[in-house]
Every structure is written in C-alpha cells, then in structure tokens.
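# Structure assessment
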Amino acid sequence: MRFEQLNPFTVAVYYLCVLGIIMFSMNPLLLCIALLTSVLSAVIGGTADKKAHLFSLAVFLIAAVLNPLFVHKGMTPLFFLNDNPITLEATVYGLCAAGMLTAALYRLRDLSKVMTSDRVLYLFGRFSPQIALLLSMAIRYTALLRVRWRKISDSQRALGLFDDGNLIDAVRGRARVLSILITWTLENGIVTAESMESRGYGTGRRTSYAVYRVHKYDAVLMIVCILLTALSAVGIYFSKAEFYPVLSMNLLNPWGIAGAAAFTVLSVLPLIINGKEAIRWRWLLSKI
Amino acid sequence: MRVIENPRLRAILRYGIPFVLIPALVALSAIVFEGQRYLIISLGIAVLALLLFMTGFEKRNIGARRMVITAIMTALAVFGRFIPLFKPITAICVMTAIYLGAEAGFFCGSLSVLISNIWFGQGPWTPFQMLGFGLIGLIAGYLSRVLLKSNLLLLLYGVIAGVAYSFLMDVWTVLWYAGGFDWKLYTAALLSALPFTALYAVSNVVFLLILRKPVGNKLNRIKIKYGV
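Thresholds, definitions, all that
- Residue numbers restart at each chain and count upward from 1, following the sequence in its written direction.
- As a convention, the first chain written is A and the first ligand written is 1, with the rest following in written order.
- Only residues with pLDDT of 70 or above have their local features reported here, since the model is predicted, and side-chain atom pairs are shown and tallied only from 80 upward, although totals for entire chains, interfaces and linings are computed over all residues.
- Note that water and hydrogens are dropped before the side-chain values are worked out from all heavy atoms of the structure.
- Here, strands pair whenever DSSP counts at least two bridges between them.
- Helix and strand definitions follow DSSP, with helices as H or I runs of at least four residues and strands as E runs of at least two, each counted in order from the N terminus.
- Fitted lines through C-alpha atoms serve as axes, helices being fitted only where they are in contact, and the angles separating the N-to-C directions of these axes extend from 0 to 180 degrees.
- Oblique is the label for every angle not falling under 35 degrees (roughly parallel), over 145 degrees (roughly antiparallel), or within 65 to 115 degrees (roughly perpendicular).
- Note on convention: near helix rotated counterclockwise from far helix by under a right angle means a left-handed crossing. Clockwise means right-handed.
- What makes two residues a contact is simply this: any of their non-hydrogen atoms within 4.5 Å.
- When residues are sorted by character, Ala, Val, Leu, Ile, Met, Phe, Trp, Tyr, Cys and Pro go into the nonpolar class, Asp, Glu, Lys and Arg into the charged class, and all the rest, Gly among them, into the polar class.
- The nonpolar core is taken to be a set of buried Ala, Val, Leu, Ile, Met, Phe, Trp, Tyr and Cys residues, with the residues joined through side-chain atoms within 4.5 Å.
- Exposure is judged per residue with a 1.4 Å probe applied to protein chains only, and the accessible area is read against the type maximum: over 50% gives exposed, under 20% gives buried, and values in between give partly exposed.
- Here a salt bridge means any side-chain nitrogen of Lys or Arg lying within 4 Å of a carboxyl oxygen belonging to Asp or Glu.
- Domain ranges listed in this record stem from an automatic or a database domain assignment.
- Helix span, as expected, comes to 1.5 Å for every residue beyond the first.
- Patch rule: a residue counts if its relative accessible area is over 30% and it has no salt bridge; like charges are joined within 9 Å, and nonpolar side chains (Val, Leu, Ile, Met, Phe, Trp, Tyr) within 5 Å.
- Per-residue and other accessible areas follow the Shrake-Rupley method at a 1.4 Å probe size, with only the shown protein chains counted as cover for residues.

## Let's talk about the pairing of strand β1 (residues 77-81) of chain A
Residue and element names in this part refer to chain A. Bridge count for β1 against strand β2 (residues 84-87) is 4 bridges, and the pairing is antiparallel. By the bridge assignment, Phe 79 is partnered in β2 with Ile 86. The turn joining β1 and β2, which pair antiparallel and follow one another in sequence, is formed by 2 residues; a positive phi near 50 degrees is taken by Asn 82.

See below:
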C-alpha cells in the first residue's frame, strides 16, 4: 500500500511526529536532516513545483537575515551595522530558525496534498459527527457556489445586463450576481434541510461514506513512528544546543547520534514505503 | 448546537479544560521547560480553548435548517477568501453571528478558516486563526442586539476585529520564529504587518457596508419565512 493510501489516522500521526520534532527541537543537526529530507521528499514525491521551491528559498533567506538584524544578544560580534552588533550567535540561531520554517513549510505542503477533504472529514467525524456534517456541507457548498457563480454571471452577461469594460458597471453587475447567488443558495439550502429532515436526520447515528479500516500494517507503522519519535526526543534531551550568550553545542554524543539516526529514518519513512511498493511493482511486472 | 454527544466526556472537558488542563500546561511550561517552549504551550492552549467553546454549545440540538444555512454562510466565507487582497470573511462571520446566533458565528469563523486552509495551507497557525475568527463571530453574536441597531457600532466592530486579529496573529508569528516573546521582534512584526492590518480593517468596513443591507434582509427573510 502506498503511503498516501494508508488510514488517515496513521498519516496524521506520522505528520504530527515529524512536524513536532521539526518545530520544537531547535537542534542544528536535526534541522539539517529535516531540511534535506523534506526537500528530497518534495522533489521525489513531486509535491512542489518550481514556484514553490523559489518561495521556500525566499522564506529561508528572509528568515535567516531577520534574526541577526533585530536580535543583538550573543558575545561574538561579527561586524557592526549602524552601531548595532551583528553577532555570530544570532546569525546561527537565525539560520536554524530559517531551516525550521522552510522544512516545516515543505512538510505542510506534503500534508495538504495527502490530506484530501474526505480524509479530513473522516478524522473529524470521529470527534464530532455534527462538525463533520457541517464541514462536509460547507465544502460541498464551496464547490457549488463556484459553479453557480459561473452560471449566473454567464447568463447575466449574455443578457447584456453588465459590461465588463465599464468599471462601475462591472462592479454593480458583480454585486447583482452575488445577491442572486446568495438568494438562490439559501432558498435551495432550505430544500436540502427539508429533505434531510424527511429522511430522518438526527434520529440515529450518522455513518460515513468512506470506510477506512485500521489494518495490522497501520498499527505497526504507528508504533514505529512513535518509537522513532521517542528515540529522537531522547537524543534531543541528551544533546546540548544553546545559542546565547555563547554557542555551546554537544551534538555528537552517542544518544544524540542515535536520535539523529532515528529522525532520519522517520523523515524518509514515506519514501521507503513508496520505494518498496515501486520495487515490488517492477518485480511483479517482470515475472509476468 | 450539541457538538460532543457523550454527556460525560462533555462534562469532563467543560470543567477539566479551564480548571485542570490549562493550569497544568502553564505549570508544565514553567517547571519542565523553564518557560522556554512558549510555542507548544500556546498551541496547546489554542486547541483546548477551541474545544472548550465547542463544549459550551449544548443547549439544544441544532435544527437541520439552521445547520444548512450556517454551512452556506461558511461556504460563502471560504469563497470570499479567494478574492485577492480584500477578504470579506470577517464581514460574513459577523453577519452570520448577528442573525443566526453566537454559535453559528463561531462555527462560520473557525470552520471557514479550516476549510480554506485546505487550499491556502494548513499549519500550526490554523488553530490560532480558527480561534481568532471564531471569537470574532462569537463576540459579534453576543453583541447582536447592539450591532443590529447601530450601523456605526457595526462598522466600529469591524475595525476593532481587524486590528485585534492582526495583533493576535503577530504574537503567534513572534512565538514561532523566536521561540520566546520578544517586544522588539513583536513591534517589528506589527510594523511590517501594518499595511495588512489596515487592509483587514478597511475591507471589513467596506464589506460590512456593502453586505449589511442585502445579506441581512435575505437572512431575515429566510428566518421569518421558514422559522429557522
């Protein structure tokens, strides 16, 4: 099974673990690994296009420059800018914060590609069926509103009721389209509500359209994720990474290295799973 | 609107969150992290606060009609977030709140953020945005009698909501970036966000002005005609 096809709970646990460590560790070694692996998985998974990569690069550069410009803590001045010291410590901290931001942004982009709306609904439905229903209806209406907006504005334009060339006319025309859209959708919503009530809404438990079972594979993966995260957290705990007033790091002790190794495995877990599937597919093909 | 159906779980959350969980989180941050990990703590508190508000809504089971109309208004707010620069999301939440009640306002605000972030990007900022817009709706619902009467106060509410939202989100920006609160960075963030703050406030006022009459009339009509 490919990583994207796993139970939404497993996927959510995985991203919670990875993002948790990325955002809360502030450990330079782990952040380097995080940045490299998240770029790697975005490139291999094809979740980021050229524009997205450029945006991430811009975020990295801005975030890295901002900290030394505004924070002047630290004992080692590199140079002075307008009589304010630019310190080595603040620069290193800025680089780490920038790495954290960029890695987190890459991971979040992956997450929103994997977590489609029906999966979000599945997760919320467990917590509260009311919210799940409200969410699913709102998502449906968002798509419906777009379709209806097109329909109304096309027909108004075809009737010659507003002219796109004239700014005032165009704005007034849009306002009329919006007004029609709201009236139509609200009236139509009442019909939906009536239909729901006559079919027995609120009389029993709501069932969900998509059925995701928790397979043994899911359970094993969840346990692996949590164990790897715990090992990384132990590694973070035992390695010292202090930035102010003087950089004092102790990253390469045995626990720190074990934690970094665990985090590396955790970071590339989706790549391992998908790679295994790709190899198996090739192998089965060649057997035929 | 009853969100969590199990009465025991609801009671536990309702009294446990403000009196046990939030103090425990704050104490944890003071003792274990020595006040270092503001981000985890603030994220935890935002999620807990969202849960707390949801457990508060338990008076009646919401009718299908009110639910569908709230969903439509939420969809309109999401739809409006695709407009470049000027965002009518606050105006729509406020309108929903003053005509359909505080719970509807809360859900319109928080869920429209959750849904639109599927396109705009989910992240640790989502709970904060949800809380921000949810509170804008909730408070407007509680002030509905005043806001319905006076046009000027409604517009003033729009301005205050825009500025307050920006201030809240900048606290979060600084916490995430610097790991702790820093007044200098906060001021820098506020200053750099100034054009956006002004844009929020202006678009709130503009959209409240435009939408107040027509949308208000439509919602009122639906309320009277179908007895929502």
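## A closer look at the packing of helix α7 (residues 167-198) of chain A against helix α10 (residues 194-226) of chain B
Their axes nearest at 11 Å, the elements α7(A) and α10(B) cross at an angle of 20 degrees. For the element pair α7(A) / α10(B), the angle class is roughly parallel. Along this stretch, α7(A) crosses α10(B), giving a crossing that reads as right-handed. For the pair α7(A) and α10(B), contact is made by Leu178(A), Ser179(A), Ile182(A), Thr183(A), Leu186(A), Glu187(A) and Ile190(A) and by Leu211(B), Val215(B), Lys218(B), Leu219(B), Arg221(B), Ile222(B), Lys225(B) and Tyr226(B), respectively. A per-class count over the contact of α7(A) with α10(B) returns 9 nonpolar, 2 polar and 4 charged.

## Let's talk about the nonpolar core
Ranked by size, the top nonpolar core spans 132 residues in total, and within it Tyr14(A), Ile22(A), Phe263(A), Leu266(A), Ile69(B), Met73(B) and Trp176(B) carry the most contacts. Filtering out sequence-adjacent residues up to four positions away, Ile22(A) remains in contact with Leu31(A), Ala34(A), Met100(A), Ala103(A), Ala104(A), Arg107(A) and Phe263(A). Formed by 5 residues, the second largest nonpolar core is a distinct cluster that contains Leu13(B), Leu25(B), Leu48(B) and Leu51(B).

## Section: the pattern of salt bridges
All names here are of chain A. On inspection of all chains with the given rule, the structure shows 7 salt bridges over all chains. Note that Glu 277 is salt-bridged to Lys 276, the shortest N-O span being 3.9 Å. Classification of Lys 276 by relative accessible area gives partly exposed; the value is 38%.

## Describing the domain arrangement of chain A
Domain annotation of chain A identifies domain 1 (3-119 + 215-287) and domain 2 (127-198). Taking the mean C-alpha position of each, domain 1 of chain A and domain 2 of chain A sit 41 Å from one another.

## With respect to helix α6 (residues 126-142) of chain B
With 17 residues, α6(B) extends 24 Å from end C-alpha to end C-alpha; this agrees with the ideal 24 Å at 1.5 Å per step. In terms of burial, α6(B) is largely enclosed, as 14 of its 17 residues are buried.

## Looking at a nonpolar patch on the surface
All names here are of chain A. On the surface, Ile 62, Val 65, Leu 66, Leu 69, Phe 70, Leu 78, Phe 79, Leu 81 and Leu 88 cluster together into a nonpolar patch covering about 750 Å² of accessible area. Sort the elements by how many residues they give to the nonpolar patch and helix α3 (residues 50-70) lands first, with 5 residues. Of note, Val 65 is situated in helix α3. Its relative accessible area of 46% is what places Val 65 among the partly exposed residues.

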